[in-house]
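So the chains spell out like this:
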Amino acid sequence: MSDIFGKIIQRKISADIVYEDDLALAFKDINPQAPTHILVIPKQLIPRLSEATNEDSALLGHLLMTAKKVAEQENLADGYRVVINNGEQAGQSVDRLHLHILGGRRLSWPPG
Ligand code: AMP
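Residues numbered from 1 in each chain as written. Predicted model: local features only at pLDDT ≥ 70, side-chain atom pairs only at ≥ 80, totals over all residues. Heavy atoms only, no water.

Concerning the overall build of the protein chain
When its secondary structure is counted, the protein chain shows 2 helices and 5 strands. Each helix (α) and strand (β) of the protein chain, taken in turn from the N terminus, gives the series α-β-β-β-α-β-β. Whereas a compact globule of 112 residues would reach a radius of gyration of roughly 13 Å, the protein chain reaches 13 Å, a difference of no more than 12%. Taking the principal axes of its C-alpha atoms as reference, the protein chain extends roughly 35 × 30 × 25 Å. A buried classification covers 38% of the 112 residues belonging to the protein chain. Long-range pairs, those at least 24 residues apart, make up 53% of the contacts in the protein chain with a sequence separation of at least 6. Element-wise, carbon and sulfur atoms account for 50% of the exposed surface of the protein chain, whose accessible area totals about 6900 Å². Taken together, the 12 basic and 14 acidic charged side chains of the protein chain have centroids lying 4 Å from each other. (Helix = DSSP H or I, 4+ residues; strand = E, 2+ residues; numbered from the N terminus. Rg over C-alpha atoms; globule rule 2.2 N^0.38 Å. Buried < 20%, exposed > 50% of the residue type's maximum accessible area, 1.4 Å probe, protein only. Contact = heavy atoms within 4.5 Å. Areas by Shrake-Rupley, 256 points an atom, 1.4 Å probe, with all protein chains shown as cover. Lys, Arg positive; Asp, Glu negative; His and termini not counted. Charge placed at Lys NZ, Arg CZ, Asp CG, Glu CD.)

What to know about the site of the ligand
Around the ligand sit 16 residues, and of these D29, G91, S93, H98 and H100 come closest. Within the contact set of the ligand, an oxygen atom lies 2.6 Å away from a backbone nitrogen or oxygen of S93. The side chain of H100 places a nitrogen or oxygen atom 2.8 Å from an oxygen atom of the ligand. When the ligand sits alone it has 500 Å² of accessible area, and the protein chains cover 85% of it. (Near = heavy atom within 4 Å. Polar contact = N/O pair within 3.5 Å; in protein donor to acceptor, adjacent residues only side chain to side chain.)

A look at the side chain of T66
Of note, T66 is situated in helix α2 (residues 57–73). Here the side chain of T66 touches H62 through a polar contact of 2.7 Å, landing on its backbone oxygen. What T66 contacts, discounting residues up to four positions off in sequence, is Y19, D21, A24 and V40.

Here we look at the nonpolar core
One finds V18, A26, I38, V40, L63, V70 and I101 to be the most contacted residues of the largest nonpolar core, which totals 16 residues. The element best represented in this core is α2, accounting for 5 residues. The residues touching V40, leaving out its near neighbours within four places in the chain, are L25, A26, L63, T66, A67, L97, H98, L99 and I101. The next biggest cluster of nonpolar side chains, apart from the first, holds 8 residues, and it includes F5, I9, F27 and V94. (Core = buried A, V, L, I, M, F, W, Y, C linked by side-chain atoms within 4.5 Å.)

Digging into the pattern of salt bridges
Under the criterion given, the structure shown has 6 salt bridges. A salt bridge links R96 to D3; the nearest nitrogen and oxygen atoms lie 2.8 Å apart. You can see R96 sitting in the loop between β4 (80–83) and β5 (99–103) and its partner D3 sitting in the segment before α1 (4–9), a full 93 residues away along the chain. No difference in accessibility class separates R96 from D3, as the two residues are buried. Within the structure, one salt-bridge network assembled from shared partners comprises R11, E20 and K43. (Salt bridge = Lys/Arg side-chain N within 4 Å of Asp/Glu carboxyl O.)

The following block contains the structure:
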C-alpha cells in the first residue's frame, strides 16, 4: 500500500477520518471544492473504476451505500453530489478508486 490513500488506511499519513468499517474508509479531502468534501475509498486496492471486475460488485455497492451514510452523517439533506474521476483525462490524480462526496453549496451542472 505505497499509494497515498493506502498510507491513510494504514495510518502512516494522518487524515480527518469521518467513517470507517471493514471495507471502506471516508475522510475529508485535503483541498476541498465545497464546504463538505469527503472521499470514500475501498480498503481493497482498485486503481480505478475501469479496472473493477464483477467480483467487486458488492464492494462497489458498499461504497455507494457508505457515501449515502456519510452524507446523512454530515447533514447533507439539502443535496450532494457523488463523483468518480476515472483516468487522467477525467482528472484522476490518485490511483486508488475514490468517491468524492460534495455538498454544502449549490453545485453547478455540467461540471467542468
Ligand atoms: P482525484 O483528482 O479524483 O484523483 O481526487 C484526488 C483527491 O484526493 C483530490 O481532491 C485531492 O485534494 C485529494 N487528496 C490528495 N491527497 C490527500 C490527502 N493526503 N488527504 C486528503 N485528501 C487528499
